[in-house]
Amino acid sequence: MKPFNIYLSGVGGQGIGLISEIILRAADRAGLKAIGVDTHGLAQRGGIVSSHIRIGEDVHSPLVSKRKADLVISLERHEAVRAASEYLADKGSLVYYNTSWQPLPVRLNKAQEISVQQVADFCQKCEYQLFEVHHADLPDPRMQNIALLAAICRNNLVAGLAASHYEQAMGDLMSGKMLDANLKLFNRLVSH
Amino acid sequence: MKNFADMLLSREAFSEIVMGNTAVVRAMIEAKTRVVTSYPGSPTPEIASAIAGIKPEDRPFYFEFSTNEKVATEVAYGASVNGHLSTVFFKSVGLNVAADTFVQLSLMNLIGGMVVILGDDPGANSSQNEQDNRHLARLSYTPIFEPADPQEVYHYYLAAARLSQQLHIPVILRLTTHVCHAKQKVSFAAWQPTDIDRTPAFDVNNGPYMPLTSLVFPMKRRALNNLRQVAEMNDKDQLNRLIDNKNRRQGIITFGLPFLSLLDTLAESGGKPDILKLAMIYPLPNQLIADFLTSHEEVVILEELDDLMESEIKRLAFERQIKVKIHGKTDIESWVGEYTADKVAGLLAAVWPEMAAKPQPAPAFSVTVPPRPAQMCPGCGHRSAFHAVKQALAETDIKVADIGCHTLGFMPPYNMWQLLMCMGASTGIGAGMSLCNDSRRVVCFLGDSTFFHAGIPGIINALFNKHNITLILMENGTTAMTGHQDHAASGRNFNQETEKIPVRSVLEGLGVKNIFEVDTYQQQKLTDMVKEAVAIEGFSVVIAKHACMLKLMREQRRKESFQAKMVSIDQTTCNKAHVCVSAFACPTFVMHEDGSVDVNPDLCIGDGSCLQTCPTKAIQRPESRKGEI
C-alpha cells in the first residue's frame with residue numbers, strides 16, 4: 001500500500017490534538033499501521049499548531065514532507081491555505097472548518113483576511129479537491145473538530161476508515177458527557 | 001475511555017499507541033526505577049503527565065518536580081548512591097543548569113544506577129538554541145543511547161538502565177523533540193511488581209565520593225576506564241543495526257530520527273545503500289565502524305546538529321589507515337535545523353543524487369497568508385500587565401525579559417523586551433546595564449517559577465551590591481508555559497498539598513525594602529506602582545499577582561455551576577479608536593474591513609480585563625452566553 005500522509009493544522013486551543021489522535025487510533029482500529037506526531041510547547045500559545053499522521057507499511061519518520069500530504073485537514077481558514085500551500089501534494093484534498101481566528105496583522109489592519117472565495121479559487125487553480133465545513137448550530141465552538149471529523153468520515157477522505165472505527169477511537173479517548181455529546185454530534189453529521 | 005495509567009501498570013505484556021514520552025514511563029516501571037526527578041521543559045514534560053495519571057500510592061517509584069534541573073540531578077544522584085536506580089529528565093538547556101553536578105557523575109560509583117534523559121531540541125521548536133548535548137556527554141565521559149522512535153525509546157531506556165547498573169555509571173538517554181512526541185503502537189513486556197528495598201545502601205567504601213585534589217585522579221581514571229569498556233561492549237551491542245543491501249560502494253552511518261528520515265527518502269528514490277544505524281552513539285563502537293568503513297568505497301555520515309561523530313570517525317579512519325571516502329558536513333546549513341526527510345534528501349542529493357527523493361515544486365498558484373506569531377492566550381494577565389507597565393515607562397528605558405509566557409511580549413504590538421537570555425538571567429543582566437548609566441532606567445521581568453529556579457541569586461546580588469534596578473515579578477502561581485506544573489509557591493507539589501513559600505515572604509526575608517504588590521488586572525494601580533518603583537534609587541520589586549487565567553478558566557469550566565461569559569461591543573459608543581484590537585490586542589477582537597470591531601465568540605473567556613482599555617467605554621461587561629453545554 002502506498003503511504004497515505006495527512007497534515008493537520010489549526011490555531012492553539014482549537015483541539016487539534018484530539019482530532020489527530022482520533023484519526024490515528026481509528027486507522028489502528030481499522031488494522032492499518034499508523035504513526036504520527038503533534039507540535040507541543042511554545043506554538044500552542046495562539047500560534048499555529050500542526051499534527052502529522054502517516055498511514056501505511058512503508059512509513060518511517062512521523063513527519064510528513066513538504067507537498068507530500070494526500071490530505072490536509074485544517075480547523076481554521078487562514079491555516080487551511082497556509083497548510084495546503086506548504087504540504088498538499090498534487091491531486092490532494094483539503095478539508096477545513098470555516099471559521100476565522102484573525103492573525104495579528106489582520107487585527108492590526110496590516111493585512112487582508114483570507115476569504116472563503118480565496119480558498120475556493122486557490123483550490124480550483126491548484127486542482128485540489130475542496131471540502132468546506134461549517135455548522136451554524138454547533139452546541140459548543142469547541143466541537144468544531146468533531147464536525148470536521150464527521151465530514152472526513154462522510155466523504156471517506158481516509159480510505160479504509162469507517163464510522164465505526166472513528167467511534168471506537170473516540171471511545172478510547174473520551175468518556176461520560178463529553179463522549180456522549182461528541183458521539184451524538186458525530187453521528188448526526190455523518191448521517192446527514 | 002482507555003485507562004492509560006492502568007495500562008502503564010499492566011502485569012501482562014501489551015501493545016498500545018503511545019508517544020515516546022509515555023513509552024519511557026513503562027520502561028522505568030519495568031526497570032524497577034525507584035526515584036525519578038525533573039524540572040519541566042519542552043520536549044519532556046509529558047513524561048510527567050504520564051506519571052501524573054498513575055495515583056501516587058500506585059506509583060512504583062517516587063517522582064518530584066524539583067526547583068531546578070541541578071537540584072533534580074542532585075536528588076537523583078543521592079538516591080543512586082543509596083542503592084536505588086534513579087532517573088532525571090529535563091530539556092536541552094536544562095543541562096546547562098544541571099552541568100555543575102552532572103559533569104561530576106561519571107567520577108562517582110553510582111551503585112544504584114542512574115539514567116539521565118535529555119530532551120534535545122534540533123530545530124529549536126521550543127528552546128532558545130538547538131545546542132547539541134552530546135558535547136557535554138563527551139566532556140563528562142558519559143555514554144549516550146539515542147532512539148529513533150517510541151518503540152526504541154522503551155528498549156533503549158531498559159538498555160541504559162542495565163548498563164548503568166552493571167558498571168555503576170551514569171548513562172544518558174538522548175531524546176529529540178519529535179522522538180519525544182512521536183506516536184506509534186509500542187509493544188511492552190510483562191511486569192511483576194516487587195517491593196521497594198528501603199535499606200539505605202550508602203557506604204563510603206563504595207566511594208570515594210569526595211572529589212578533591214589528588215582524590216580526583218583515581219576517580220577520573222575509573223571514569224575513563226569505564227568509557228573504554230563501554231566502547232568495547234558497544235561493538236557487540238545487538239541494538240546497533242546493519243542494513244546490508246550488498247552495496248559495497250555506498251554506506252551510510254547514522255542514528256536517531258535522521259535514520260527514519262533517511263529510510264523515507266530511500267523508499268521514494270529506490271536507493272539501496274548499506275546502512276549502519278547506531279543505538280549507543282557515545283562512545284562509538286570503533287571496531288564495528290572500522291569494519292563498515294573498510295568494506296565500503298564511500299561512507300556518508302548522516303549526523304544532525306554538530307559533527308562529533310564525523311570527527312571521531314575521521315580520526316578512526318586516519319589512525320587505522322582505512323582507505324575510504326568519508327562525506328561529512330559541508331556547509332553551515334548541515335549544522336542547522338532538524339534532519340527531516342526533506343533536509344536529508346537535500347544533503348544526500350549533494351553526494352549521491354540518485355539516492356535522494358525529489359523535492360516537490362511549489363503549487364501552481366499561491367495565496368499570501370498573513371503570518372500568525374504565537375501570542376498570549378485570550379484574557380492573559382501578562383497582556384493586561386504589559387498594557388499597564390508600558391504607560392509607566394519611557395521609550396528609552398531598558399526592559400529585560402526572562403523565560404516564560406511573558407517572553408512572548410517581545411512581539412508586536414507590545415514590543416516589550418529588548419533582551420532575553422535564559423532562566424533567571426534578567427536581574428543579573430539588568431544590574432550590568434544599570435552600571436555607568438545615568439539616563440536609561442532598567443526594568444527586569446521574572447515569572448514566579450523562574451524566581452525559584454534560578455532567579456533568587458540575581459536578586460540577592462542586586463541587594464548585596466546595591467544595584468539600581470526595578471524587578472517586575474509576574475506571580476501566577478504556576479509554571480504556565482510548560483503546562484501548569486506546580487512550584488514552591490503553588491501550595492502543592494507533584495504528590496501532595498504543601499505549605500506555600502510565598503514569593504513576597506522570600507523577598508522580605510532577603511531584606512528587600514521596596515516591595516509593591518497589586519492584582520495583575522488592576523491596570524491603573526500597576527501603572528502607578530511601576531512609576532513609583534522606578535523612581536526609587538536602588539532595588540525595587542513590583543509583584544503583579546493573579547492566577548494564570550487559562551488554568552483558572554479550565555478549573556472553572558469543570559464546575560457544574562460554570563457559566564460561560566463573553567464581552568460585547570456597543571457599536572454606537574465605539575469610536576474605532578482600536579485600542580482593544582491594536583494596542584491591547586487580545587486575539588478575541590476581530591477587525592472588520594470597515595474598521596468596526598467585534599468579539600470572536602470562539603475565543604473570549606469573559607475575564608473583562610479589556611474593559612479598562614477602551615477610551616469610550618464601548619466594551620460591555622461580560623455576560624452569560626446562551627445555549628452552551
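Residues numbered from 1 in each chain as written. Chains lettered and ligands numbered in written order. Predicted model: local features only at pLDDT ≥ 70, side-chain atom pairs only at ≥ 80, totals over all residues. Heavy atoms only, no water.

Engineer: Just checking my understanding: could you explain empty space enclosed by the protein for this structure?
Structural biologist: A water-sized probe rolled over the atoms picks out the places where empty space is left. Residue and element names in this part refer to chain B. What the rule picks out here adds up to nine cavities of 30 Å³ or more. Estimates place the volume of the largest cavity at around 220 Å³. Along the walls of the largest cavity sit 21 residues, with Cys-380, Gly-381, His-382, Asn-476 and Cys-548 positioned nearest its centre. Looking at the lining of the largest cavity, the elements that each hand over two or more residues are α14 (381–392), β17 (470–475) and α19 (549–557). Within the lining of the largest cavity, the residues separate by chemical class into 13 nonpolar, six polar and two charged. Counted as a void, the second largest cavity has a volume near 100 Å³. The wall of the second largest cavity is formed by 14 residues, among which Cys-574, Ala-577, His-578, Cys-580 and Cys-614 lie closest to the centre. For the lining of the second largest cavity, the residue count by class is 10 nonpolar, three polar and one charged. (1 Å grid on protein atoms, 1.4 Å probe; cavity = no way out; pocket = protein on both sides within 12 Å on 5 of 7 lines; lining within 4 Å. Points joined across faces, edges and corners; volume = space filled by probe spheres on them. Helix = DSSP H or I, 4+ residues; strand = E, 2+ residues; numbered from the N terminus. Nonpolar A, V, L, I, M, F, W, Y, C, P; charged D, E, K, R; others polar.)

Engineer: In this structure, what is going on with helix α2 (residues 77–87) of chain A? I would like to understand it.
Structural biologist: Turn by turn, an α-helix covers 3.6 residues, leaving residues three or four places apart pointing in a common direction. All names here are of chain A. Most of α2 sits out of view: nine of its 11 residues are buried. Within α2, burial applies to Arg-77, His-78, Glu-79, Ala-80, Val-81, Arg-82, Ala-83, Ala-84 and Tyr-87. One side-chain oxygen of the residue at the start of α2 lies 2.7 Å from the amide nitrogen of His-78, identifying that residue as Glu-76. (Buried < 20%, exposed > 50% of the residue type's maximum accessible area, 1.4 Å probe, protein only. Polar contact = N/O pair within 3.5 Å; in protein donor to acceptor, adjacent residues only side chain to side chain.)

Engineer: Any chance you could explain the interface of chain A and chain B here in plain terms?
Structural biologist: One frequently used descriptor of interface size is the decrease in accessible area upon assembly of the parts. With 67 residues of chain A at the contact, the number on the chain B side is 70 residues. Summed over both sides, the interface of chain A with chain B buries roughly 5,800 Å², with 56% coming from carbon and sulfur. A:Lys68 serves as the salt-bridge partner of B:Glu268, at 2.9 Å between the closest nitrogen and oxygen. Elements with a contribution of two residues or more to the side of chain A that touches chain B: α1 (16–29), β2 (34–38), β3 (48–55), α2, α3 (104–107), α4 (116–126), α6 (163–173) and α7 (176–191) of chain A. (Contact = heavy atoms within 4.5 Å. Buried area = accessible area lost by both parts, 1.4 Å probe. Salt bridge = Lys/Arg side-chain N within 4 Å of Asp/Glu carboxyl O.)

Engineer: Can you walk me through the side chain of A:Ser51 in this structure?
Structural biologist: All names here are of chain A. Checked against the element boundaries, Ser-51 lands in strand β3. On the basis of relative accessibility, which here comes to 0%, the residue Ser-51 falls in the buried class. Only 2.6 Å separates the side chain of Ser-51 from the side chain of Asp-38, close enough to count as a polar contact. Sequence-distant contacts of Ser-51, that is, excluding residues within four places in its chain, are made with Ile-6, Tyr-7, Leu-8, Ile-16, Ser-20, Val-37 and Asp-38.

Engineer: Can you walk me through the sheet that holds strand β16 (residues 442–447) of chain B in this structure?
Structural biologist: Sheets are built from strands paired through backbone hydrogen bonds, the pairs being either parallel or antiparallel. All names here are of chain B. What the five strands build is an open sheet, ordered β15-β16-β17-β19-β18; its pairing is parallel. Looking at the sheet topology across the chains shown, the edges are occupied by β15 (398–400) and β18 (514–519). Sheet twist, expressed as the mean angle between neighbouring strand axes with direction ignored, is 20°. Bridge count for β15 against β16 is three bridges, and the pairing is parallel. In the strand pairing of β16, Ile-398 is matched with Val-442. Seen against the sheet, helix α17 (residues 503–510) touches β17, β18 and β19 (540–545) and runs at an angle of roughly 170° to β18. (Pairing = 2+ DSSP bridges. Axes fitted to C-alpha atoms, helices over the stretch in contact; angles between N-to-C directions.)

Engineer: It is not clear to me how the packing of aromatic side chains should be interpreted in this structure. Could you clarify?
Structural biologist: How two aromatic rings sit relative to each other is set out by the distance from centre to centre and by the angle between their planes. Residues and elements named next belong to chain B. On inspection of all chains with the given rule, the structure shows 16 aromatic pairs over all chains. Seen in terms of ring centroids, Phe-63 and Phe-494 are 4.5 Å apart; in terms of plane orientation they differ by 70°. Their pairing is edge-to-face. In this pair, Phe-63 is assigned in strand β3 (residues 62–65) and Phe-494 in the loop between β17 and α17, connecting sequence segments 431 residues apart. Both residues of the pair, Phe-63 and Phe-494, belong to the buried class. Judged by centre distance (6.5 Å) and plane angle (70°), the rings of Phe-386 and Phe-445 are edge-to-face. Note that Phe-386 is positioned in helix α14 and Phe-445 in strand β16, a separation of 59 residues in sequence. Judged by its relative accessible area of 0%, Phe-386 falls in the buried class. (Phe/Tyr/Trp six-rings, centres within 6.5 Å; stacked < 30°, edge-to-face > 60°.)

Engineer: Any chance you could explain the layout of surface pockets here in plain terms?
Structural biologist: Put simply, the second largest pocket is a space of about 720 Å³. Taken together, 33 residues form the lining of the second largest pocket, with A:Thr39, A:Ser50, A:Tyr87, B:Asn125 and B:His178 sitting closest to its centre. Looking at the lining of the second largest pocket, the elements that each hand over two or more residues are β1 (4–11), β3 and α2 of chain A together with α8 (177–180) of chain B. If one sorts the elements of the lining of the second largest pocket by residue count, α2(A) sits on top with five residues.

Engineer: Help me understand the sheet that holds β3(A), please; the structure alone is not making it clear to me.
Structural biologist: Taken in spatial order, the eight strands line up as β6(A)-β5(A)-β4(A)-β1(A)-β3(A)-β2(A)-β8(B)-β1(B) in an open sheet, and their pairing is mixed. The outermost strands of the open sheet, each flanked by one partner alone, are β6 (129–133) of chain A together with β1 (14–19) of chain B. Averaged over all pairs of adjacent strands, the angle between strand axes in this sheet comes to 20°, irrespective of strand direction. As paired elements, β2(A) and β3(A) share five bridges and run antiparallel to each other. Its bridge partner lying in β3(A), A:Asp38 is registered against A:Ser51.

Engineer: I would appreciate a short explanation of unusual backbone geometry in the present structure.
Structural biologist: Trans is the prevailing form of peptide bonds, just as negative phi is the prevailing case for residues other than glycine. Residue and element names in this part refer to chain B. That bond from Gly-207 to Pro-208 is cis: its omega, 15°, falls within 30 degrees of zero. Here Pro-208 is to be found in the loop between β8 (182–188) and α9 (216–235). With phi around 65°, Leu-305 is a residue other than glycine that occupies positive phi space. By secondary structure assignment, the location of Leu-305 is in the loop between β13 (298–302) and α12 (308–319). The class of Leu-305 is buried, set by a relative accessible area of 1%. Positive phi, normally seen in glycine, also occurs at His-484, with a value near 65°.

Engineer: Is there a simple way to think about the confidence of the model for chain B in this case?
Structural biologist: Low pLDDT marks stretches whose predicted atomic positions should not be read closely. Summary statistics for chain B give a mean pLDDT of 95 and a share of 99% for residues scoring 70 or more. Interface confidence for the predicted complex, given as ipTM, is 0.97, next to a pTM of 0.95. (pLDDT = per-residue confidence, 0-100.)

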